[in-house]
Amino acid sequence: MLVKTEEWNGHQIRFIQMGNEWWALLKDVCRPLGLKTFKVSQQIPKDYLKKVLIETSILKEYRTSKKGQRKTQQMLVINELGIYQMFYRSKKPEAINFRVWSGTVMQKLRNKVGLPQYEVMRMLD
């Protein structure tokens, strides 16, 4: 299992490659956004979440009891679309900035496709 760690706002976010996609450990994304892992796991669409077995050797907070012994831990991972959903739930300033930015991207898209402002809801069609 290929693992990459990214740092964001002083927090380590671990990503695991599954197929052609990178999935983040849910608890790693929840921590800096001030969200509870259990609540997020209940609110995010289930196809954005997966339970995976991860070797504890990549998880700093778990130690193996015997040298060379491999242990696994079942953990929740979340895909990119799920992370975006988390940004919309968080009250942290960085998440609010993301919402403002994504709104301007949608505004530019609306203008590009020629919809006037009063037809903004048609983007949901």
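Whatever comes next refers back to the structure up there.
The model shown is predicted, which means the values in this text are computed figures rather than measured ones.

1. Examining unusual backbone geometry
So, point 1. Unlike most non-glycine residues, Asn 9 shows phi in positive territory, near 50°.
So, point 2. Tracing the backbone through its elements, the reader meets Asn 9 in the loop between strand S1 (3-8) and strand S2 (11-18).

2. With respect to the packing of helix H3 (residues 80-89) against helix H4 (residues 93-113)
So, point 1. Running from N to C, H3 and H4 cross one another at 110°; their axes reach a closest spacing of 8 Å. On the basis of their axis angle, the class for H3 and H4 is roughly perpendicular. H4 is crossed by H3, and the crossing has left-handed handedness. Every residue of H4 that contacts H3 at Tyr 84, Phe 87, Tyr 88 and Arg 89 is listed here: Ala 95, Phe 98, Arg 99 and Ser 102.
So, point 2. Grouping the amino acids of the contact of H3 with H4 by side-chain chemistry returns 5 nonpolar, 1 polar and 2 charged.

3. Considering H3
So, point 1. All of the buried residues in H3 are Gly 82, Ile 83, Met 86 and Phe 87. The buried residues of H3 occupy one face: seen down the axis, they fall within an arc of 150°.
So, point 2. As for H3, its buried residues are in contact with S2, strand S3 (21-25), helix H1 (26-33), helix H2 (37-43), strand S5 (72-78) and H4.
So, point 3. If you check the start of H3, you find a side-chain oxygen 3.3 Å away from the backbone N of Leu 81, and it comes from Asn 79.

4. Re the sheet that holds S2
So, point 1. Ordered in space as S1-S2-S3-S5-S4, the 5 strands form an open sheet in which the pairing is antiparallel. Sheet topology places S1 and strand S4 (49-55) at the edges, where each strand pairs with a single neighbour. Strand after strand, the sheet turns through a mean of 45° between neighbouring axes, direction not considered.
So, point 2. As judged from the 4 bridges shared by S2 and S3, these two strands associate in the antiparallel manner. Across the sheet, the residue bridging to Gln 17 is Trp 22, located in S3.

5. Side note on the nonpolar core
So, point 1. By size, the foremost hydrophobic cluster in this structure holds 18 residues, and its most contacted members are Val 29, Ile 78 and Met 86.
So, point 2. Listed by contribution, the elements that provide at least two residues to this core are S2, H1, H3 and H4.
So, point 3. For this core, the leading source of residues is H1, giving 4 residues.
So, point 4. If sequence neighbours within four positions are ignored, Val 29 has contacts with Ile 13, Ala 24, Ile 78, Ile 83 and Met 86.
So, point 5. The next biggest cluster of nonpolar side chains, apart from the first, holds 8 residues, and it includes Ile 16, Met 18, Trp 23 and Leu 25.

6. Quick look at the packing of aromatic side chains
So, point 1. Enumeration over the complete set of coordinates arrives at 6 aromatic pairs.
So, point 2. Their ring planes at 50° and their centres at 6.5 Å tell us that Tyr 84 and Phe 87 sit as a pair that is tilted. Taken together, the positions of Tyr 84 and Phe 87, both in helix H3 and 3 residues apart, correspond to about one turn of that helix.
So, point 3. With a relative accessible area of 16%, Phe 87 lands in the buried category.

What counts, and at which threshold
Residues numbered from 1 in each chain as written. Predicted model: local features only at pLDDT ≥ 70, side-chain atom pairs only at ≥ 80, totals over all residues. Heavy atoms only, no water. Helix = DSSP H or I, 4+ residues; strand = E, 2+ residues; numbered from the N terminus. Axes fitted to C-alpha atoms, helices over the stretch in contact; angles between N-to-C directions. Parallel < 35°, antiparallel > 145°, perpendicular 65-115°, else oblique. Left-handed = near helix turned anticlockwise from the far one by under 90°. Contact = heavy atoms within 4.5 Å. Nonpolar A, V, L, I, M, F, W, Y, C, P; charged D, E, K, R; others polar. Buried < 20%, exposed > 50% of the residue type's maximum accessible area, 1.4 Å probe, protein only. Arc of directions from axis to C-beta. Polar contact = N/O pair within 3.5 Å; in protein donor to acceptor, adjacent residues only side chain to side chain. Pairing = 2+ DSSP bridges. Core = buried A, V, L, I, M, F, W, Y, C linked by side-chain atoms within 4.5 Å. Phe/Tyr/Trp six-rings, centres within 6.5 Å; stacked < 30°, edge-to-face > 60°.

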